[in-house]
Amino acid sequence: SDVLSFLTPNELCSTASLINKEFDGWSCRDALWEVHSVNRWKGKQNIDKFVNKKTLSWKKCYAWAERDALRNTMTTDELCYFSWKLLYNGRWSRLGLRKFRPDGYYESPYAGTCEWALLNNKLCFMGISLYVERDPETWGWVIGNQTSTVYFSVEETLS
């Protein structure tokens, strides 16, 4: 079964089951999928929502995370969960990370308290409407890509 540790997740899913039932069983071992998950998830955002060891195997956690990485519509919960780093006119803001509050308000260092709405994968606030896209590298989000106002999701870690 140690030879299976050299297979990629795709190979584990497609090849091991073809060899025989014993290999298929070995290919589902939690320890094997934990290693693949931890390696794959380095640098990825919001992974904790997939690691539910009380009810799911590591293989299922891996599969759910991969499926979610393909999703391209941000939820309101995600908008409020993340902090946001602002790139304005090509320069990083020195005024800290931004937060969109669950009550539909945003605190702007410039404009004060503003209402926001997330509609059809566009964030509307302060008189502007910015498209939301998935960041394929971090599995986070980018708001306003290729505009003068770009926000990048940041997952703040608790120390």
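Please refer to the structure higher up on the page.
Residues numbered from 1 in each chain as written. Predicted model: local features only at pLDDT ≥ 70, side-chain atom pairs only at ≥ 80, totals over all residues. Heavy atoms only, no water.

Help me out: how do you make sense of unusual backbone geometry in this one?
Outside of glycine, negative phi angles account for most residues, and trans bonds account for most peptide bonds. Phi at tryptophan 139 takes a positive value of approximately 65°, unusual for a residue other than glycine. Summarising the element assignment, tryptophan 139 is placed in the loop between strand 6 (128-134) and strand 7 (141-143). Accessibility expressed as a relative area gives 5% for tryptophan 139, which makes it buried. In this structure, glutamine 146 is a non-glycine residue whose phi angle is positive, near 65°. Tracing the sequence through the fold places glutamine 146 in the loop between strand 7 and strand 8 (149-154). (Helix = DSSP H or I, 4+ residues; strand = E, 2+ residues; numbered from the N terminus. Buried < 20%, exposed > 50% of the residue type's maximum accessible area, 1.4 Å probe, protein only.)

What is the right way to read the pattern of salt bridges from this model?
Side chains that differ in sign of charge can pair as their charged atoms come close. Following the criterion strictly, the structure yields six salt bridges and no others. Look at the salt bridges and you will find they share partners, linking Asp68, Arg71, Glu78 and Arg134 into a network. (Salt bridge = Lys/Arg side-chain N within 4 Å of Asp/Glu carboxyl O.)

Can you walk me through the pairing of strand 3 (residues 105-108) in this structure?
A regular strand places its side chains on the two faces of the sheet in alternate fashion. Across the two faces of strand 3 the burial differs, with Tyr106 and Ser108 buried and Tyr105 and Glu107 not buried at all. Linking strand 3 back to strand 4 (residues 112-119) in an antiparallel pair, the connection comprises three residues. (Pairing = 2+ DSSP bridges.)

I'm lost on helix 5 (residues 58-69) in this one. Help?
Residues that lie three or four places apart on an α-helix share one face, since the helix turns once every 3.6 residues. Taking 1.5 Å per residue as the helical rise, helix 5 with its twelve residues ought to reach 16 Å, and the 16 Å between its terminal C-alpha atoms agrees with that figure. Residues of helix 5 that are buried: Trp58, Cys61, Tyr62, Ala65, Asp68 and Ala69. The arc that holds the buried residues of helix 5, viewed along the axis, is 130°, so those residues lie on one side. (Expected span 1.5 Å × (residues − 1). Arc of directions from axis to C-beta.)

Just checking my understanding: could you explain the packing of aromatic side chains for this structure?
Two descriptors summarise a pair of aromatic rings, namely the distance from one centre to the other and the angle between the planes of the rings. Enumeration over the complete set of coordinates arrives at 13 aromatic pairs. On the numbers, 5.3 Å between centres and 65° between planes, the contact of tryptophan 33 with tyrosine 62 is edge-to-face. With tryptophan 33 in helix 4 (residues 30-40) and tyrosine 62 in helix 5, this residue pair connects regions lying 29 residues apart in the sequence. Ring centres of tyrosine 81 and phenylalanine 82 lie 5.0 Å apart, and the angle between their planes is 75°; on these two criteria the pair is classed as edge-to-face. Members of the aromatic cluster, joined through ring pairs, are Tyr81, Phe82, Trp84, Phe100, Tyr106, Trp116, Phe125 and Tyr151. Above the plane of the ring of tryptophan 139 lies lysine 44, whose end atom (NZ or CZ) is 5.3 Å from the centre. A cation over a ring is seen here: lysine 85 above tryptophan 92, with NZ or CZ 4.4 Å from the ring centre. (Phe/Tyr/Trp six-rings, centres within 6.5 Å; stacked < 30°, edge-to-face > 60°. Lys NZ or Arg CZ within 6 Å of the ring centre and 35° of its normal.)

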